[in-house]
Amino acid sequence: MTTAATSVSYRLPQVRSLVTPLPGPESVRLAERRRAAVAAGVGSSVPVYAMDADGGVIVDVDGNSLIDLGSGIAVTSVGASDPRVAEAVAAQAAHFTHTCFMVTPYEGYVTVAERLNALTPGDHAKRTVLFNSGAEAVENAVKVARLATGRDAVVAFDHAYHGRTNLTMALTAKTMPYKKDFGPFAPEVYRMPMSYPYRDAAAGLEADGAAAARRAIDQIEKQIGGDAVAAVILEPIQGEGGFIVPAPGFLPALAAWAKDNGVVFIADEVQTGFARTGAWFACEDEGVVPDIVTLAKGIAGGMPLSAITGRADLLDAVHPGGLGGTYGGNPVACAAALAALDTMTELDLPARARAIGDRALPRLRALAAELDVIGDVRGRGAMLAIELVRPGTVEPDPELTKDIAARALAAGVVILTCGTYGNVIRLLPPLVIGDELLDDALTVLETAIREAAA
Ligand code: PLZ
C-alpha cells in the first residue's frame, strides 16, 4: 500500500529502541542542572531530554529512540526536522533573521497571509495578521472583535483552553495548573456549557448538538444578551480540555446564532488546524465558516508563528498601528511556514491524518469494548483520545491515566494526557509517522492500558 508517509525519506531510523532505562544517565544529569537553573513552575511531560527528532521518533541524549505520539503538542505535523523546513530556515537565516515587519516589511509575511487567506474556510475577502504564539493570536482575535463590534463580552466554554496570558487565562476553563493564584483575570468573559456527548449523556442531558447549543444560547441570552456579545470563541474539537468532540450540529448552531446577533464567531484552531483532524481545518467537517480563525502550532513545522485570519471588514476595521508586535511574522518563521505548507500539500497530510485515524480508531474501539476502564474513545483524523474511568462508572480516573502514560514511556512511547479531569490519553502523532511505527506504538499503548487496568 502506498501512503503519503511512504514517500517521506527519513534521516533517522524509524524504530523504537531503548538502550538505557528511562530517564537515562544523561537525562538525569540534565534534570539536575535544570533544577538549579530553570524555574520550578515550568513542567515537562516526560523526563527525557531530546537530542534529535525526525518523522515519528525522538532520540534522547542517552541514545534512546522513542516513538512520538505527541508532536510537541500538535506542532510537528510535518516532522520535527522536515528537510524542506530545515532548508528554508537556514536559507532565510543566511539573509536576514529579522527586520521587524512594522519597520521594514518583507515578502514572506505577505505570502503567508495570502496562503492562509486562501486555505482557511470560506471564500469571502480575508485578511491575516501574524504573531508568535497561540495565546497571542487569541488575544488579538478578541481585540479585533471588540473593536469591530463596539461590544465587550466574550463567550467561552466549559473545558476550553485558549492560553496562559491574562486574557487567555480568563478564557481558559481549568484552574489547576493554568490559573490558580494568577488572577485577577480579565473581565467580561462568560463561560457557557459545552457539548460533551459522553458526559452529557451520562448526566441524563439531551446530548445532541442542537440541544447542547440551545442550552448555551439560552444562557448567553439570559446572562449577557446577544447584543452585548463581541465574540464567541470555541475550539472545534477541544484540545487541553480532553479532546472533546462536540455533537454534530453544535458548532453550526452557535455559528448561526452568532451571525444572527452580529457576534464575531472565532474558531480557535490552534490545536486542530493544519491537517490534524483530516481536513485542513476542523471547522470544515460541518461546513462552518468562522469570522476569524486563530492559528498556530502546526503552521510552521515547529517554528514559533501564529496567525489570525478573518473577514476583511473586521480586520481592516482596526486603525493602522493597532495590531502588531516586534517578532510577529518573523521572517525565519514565515519561511518555515511556507515550507511546511508545501510539505503538507505535497504529502497530502489531511489524507494521511484520516488514514491514521482509520488505522488507530478500530484498535482503540476494540480495546474499549474489552476493558471497562475505557469510558469513551473519540476524535477525528490524527487527534484521538481515550477517556479513562473507574470501572462501571463515569468517574474520571486520572491516576490510571498517569500510570498508562508512564508505562508507555517506559516502553519507549511518548504519550500525552489531557482533560479537565486529567483522565484522557491523547494521540497526536506527527502526520508523517509511518504505519509500522504507528502500529508498534499502538501495541505498546494497548499493553500499557491492559497492564495498568489489571
Ligand atoms: N488555543 C486551542 O491548544 C495551546 C498548551 C500547553 P500557545 N495548547 C497547548 C500548555 O500547557 O501551555 C493552545 C491551544 C488552543 C490556544 C493555545 C495557546 O497556544 O502557543 O501555547 O500560546
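The structure this text deals with has already been given above.
All figures in this text were calculated on a predicted structure; none of them were measured in a lab.

Participant: How should the overall build of the protein chain be read in this particular structure?
Facilitator: The helix and strand inventory of the protein chain stands at 14 helices and 15 strands. Relative to the globule expectation of 22 Å for 454 residues, the C-alpha radius of gyration of the protein chain, 21 Å, shows essentially globular dimensions. Overall, the C-alpha framework of the protein chain stretches about 60 × 60 × 50 Å when taken along its three principal axes. By residue count, 55% of the 454 residues in the protein chain fall in the buried class. Look at the contacts in the protein chain between residues 6 or more apart in sequence, and 75% of them connect residues 24 or more apart. If you sum the accessible surface of the protein chain, you get close to 18200 Å²; carbon and sulfur atoms cover 55% of it. Each charge class in the protein chain can be summarised by its mean position, and for the 38 positive and 53 negative side chains these summaries are 3 Å apart.

Participant: How should I be thinking about the environment of Ala137 in this particular structure?
Facilitator: Here Ala137 is to be found in helix 5 (residues 134-149). On the basis of relative accessibility, which here comes to 0%, the residue Ala137 falls in the buried class. In sequence terms Ala137 and Met176 are 39 residues apart; their C-alpha atoms lie 23 Å from each other. Not counting the four nearest positions on each side in its chain, Ala137 is found in contact with Phe131, Thr294, Leu295, Ser306, Ala307 and Ile308.

Participant: I tried to follow helix 5 on my own but got confused; where do I start?
Facilitator: The periodicity of an α-helix, 3.6 residues per turn, causes residues three or four places apart in sequence to face the same way. For helix 5, with 16 residues, the first-to-last C-alpha span of 23 Å sits near the 22 Å given by 1.5 Å per residue. Residues of helix 5 that are buried: Gly134, Ala135, Ala137, Val138, Asn140, Ala141, Val142, Val144 and Ala145. The first or second residue beyond helix 5 is Gly150, which carries a positive phi of 70°.

Participant: Please clarify how the packing of helix 3 (residues 83-95) against helix 11 (residues 331-346) should be interpreted in this entry.
Facilitator: Two packed helices can be described by the angle between their axes and the distance between those axes. Contact geometry of helix 3 with helix 11 gives a least axis separation of 8 Å together with a crossing angle of 155°. When the axes of helix 3 and helix 11 are compared, the pair comes out roughly antiparallel. The way helix 3 lies across helix 11 gives a crossing that is right-handed. In this structure, helix 3 contributes Arg84, Val85, Ala88, Val89, Gln92 and Ala93 to the contact, and helix 11 contributes Pro331, Val332, Ala335, Ala336, Ala339, Ala340, Asp342, Thr343 and Glu346. In terms of residue class, the contact of helix 3 with helix 11 is made up of ten nonpolar, two polar and three charged.

Participant: Looking at this model, I keep getting lost on the pairing of strand 9 (residues 292-295). Mind explaining?
Facilitator: Working note: regular strand, side chains alternate between the two faces of the sheet. The alternating pattern of strand 9 places Ile292 and Thr294 and Val293 and Leu295 on opposite faces, both of which are buried. The pairing of strand 8 (residues 264-268) with strand 9 spans three bridges and is parallel. Note that in strand 9 the partner of Ile266 across the bridge is Ile292. Here strand 9 pairs with strand 10 (residues 306-311) via four bridges, running antiparallel. Opposite Leu295, over in strand 10, you have Ala307 as the bridge partner.

Participant: Would you mind showing me how to read the packing of aromatic side chains here?
Facilitator: For any pair of aromatic rings, the description consists of the separation of the ring centres together with the inter-plane angle of the planes. Counted according to the given criterion, the structure contains six aromatic pairs. Arranged with centres 5.5 Å apart and planes meeting at 80°, the rings of Phe101 and Tyr106 form a pair that is edge-to-face. Its relative accessible area of 24% is what places Phe101 among the partly exposed residues. Taking the relative accessible area as the measure of exposure, Tyr106 reaches 8% and is therefore buried.

Participant: I keep staring at the sheet that holds strand 1 (residues 50-54) and nothing clicks. Help me out?
Facilitator: The strands making up a sheet are joined through hydrogen bonds of the backbone, oriented either antiparallel or parallel. Pairing in this open sheet of four strands is mixed, and the strands run 1-2-3-13 from one edge to the other. Each edge of the open sheet is held by one strand with a lone partner, namely strand 1 and strand 13 (413-414). The strands touched by helix 14 (residues 435-453) within the sheet are strand 2 (57-60), strand 3 (65-68) and strand 13, with strand 3 carrying the most contacts at an inclination of about 90°.

Participant: I tried to follow the packing of helix 8 (residues 209-223) against helix 9 (residues 250-260) on my own but got confused; where do I start?
Facilitator: It is the contact of helix 8 with helix 9, at a shortest axis distance of 8 Å, that shows an interaxial angle of 35°. Helix 9 is crossed by helix 8, and the crossing has right-handed handedness. Side by side, helix 8 and helix 9 meet where Gly209, Ala212, Ala213, Ala216, Ile217, Ile220 and Glu221 of the first sit next to Phe250, Ala253, Leu254 and Trp257 of the second.

Participant: What am I meant to see in the pairing of strand 1 here?
Facilitator: Examined bridge by bridge, strand 1 and strand 2 share four bridges and lie antiparallel to one another. Paired with Ala50 across the bridge in strand 2 is Asp60.

Participant: Is there a simple way to think about the site of the ligand in this case?
Facilitator: Around the ligand lies a shell of 15 residues, among which Gly134, Ala135, Arg164, Asp268 and Gln271 are the nearest. Within the backbone of Gly134, an N or O atom sits 2.8 Å from an oxygen atom of the ligand. In the environment of the ligand, an oxygen atom lies 2.7 Å from a nitrogen or oxygen atom belonging to the side chain of Arg164. Here the ligand has 500 Å² of accessible area as a free molecule, and 83% of this is covered by the chains. In terms of residue class, the shell around the ligand is built from five nonpolar, five polar and five charged.

Quick notes on the rules
Residues numbered from 1 in each chain as written. Predicted model: local features only at pLDDT ≥ 70, side-chain atom pairs only at ≥ 80, totals over all residues. Heavy atoms only, no water. Helix = DSSP H or I, 4+ residues; strand = E, 2+ residues; numbered from the N terminus. Rg over C-alpha atoms; globule rule 2.2 N^0.38 Å. Buried < 20%, exposed > 50% of the residue type's maximum accessible area, 1.4 Å probe, protein only. Contact = heavy atoms within 4.5 Å. Areas by Shrake-Rupley, 256 points an atom, 1.4 Å probe, with all protein chains shown as cover. Lys, Arg positive; Asp, Glu negative; His and termini not counted. Charge placed at Lys NZ, Arg CZ, Asp CG, Glu CD. Expected span 1.5 Å × (residues − 1). Axes fitted to C-alpha atoms, helices over the stretch in contact; angles between N-to-C directions. Parallel < 35°, antiparallel > 145°, perpendicular 65-115°, else oblique. Left-handed = near helix turned anticlockwise from the far one by under 90°. Nonpolar A, V, L, I, M, F, W, Y, C, P; charged D, E, K, R; others polar. Pairing = 2+ DSSP bridges. Phe/Tyr/Trp six-rings, centres within 6.5 Å; stacked < 30°, edge-to-face > 60°. Near = heavy atom within 4 Å. Polar contact = N/O pair within 3.5 Å; in protein donor to acceptor, adjacent residues only side chain to side chain.

Any functional reading would require information beyond the geometric quantities listed.
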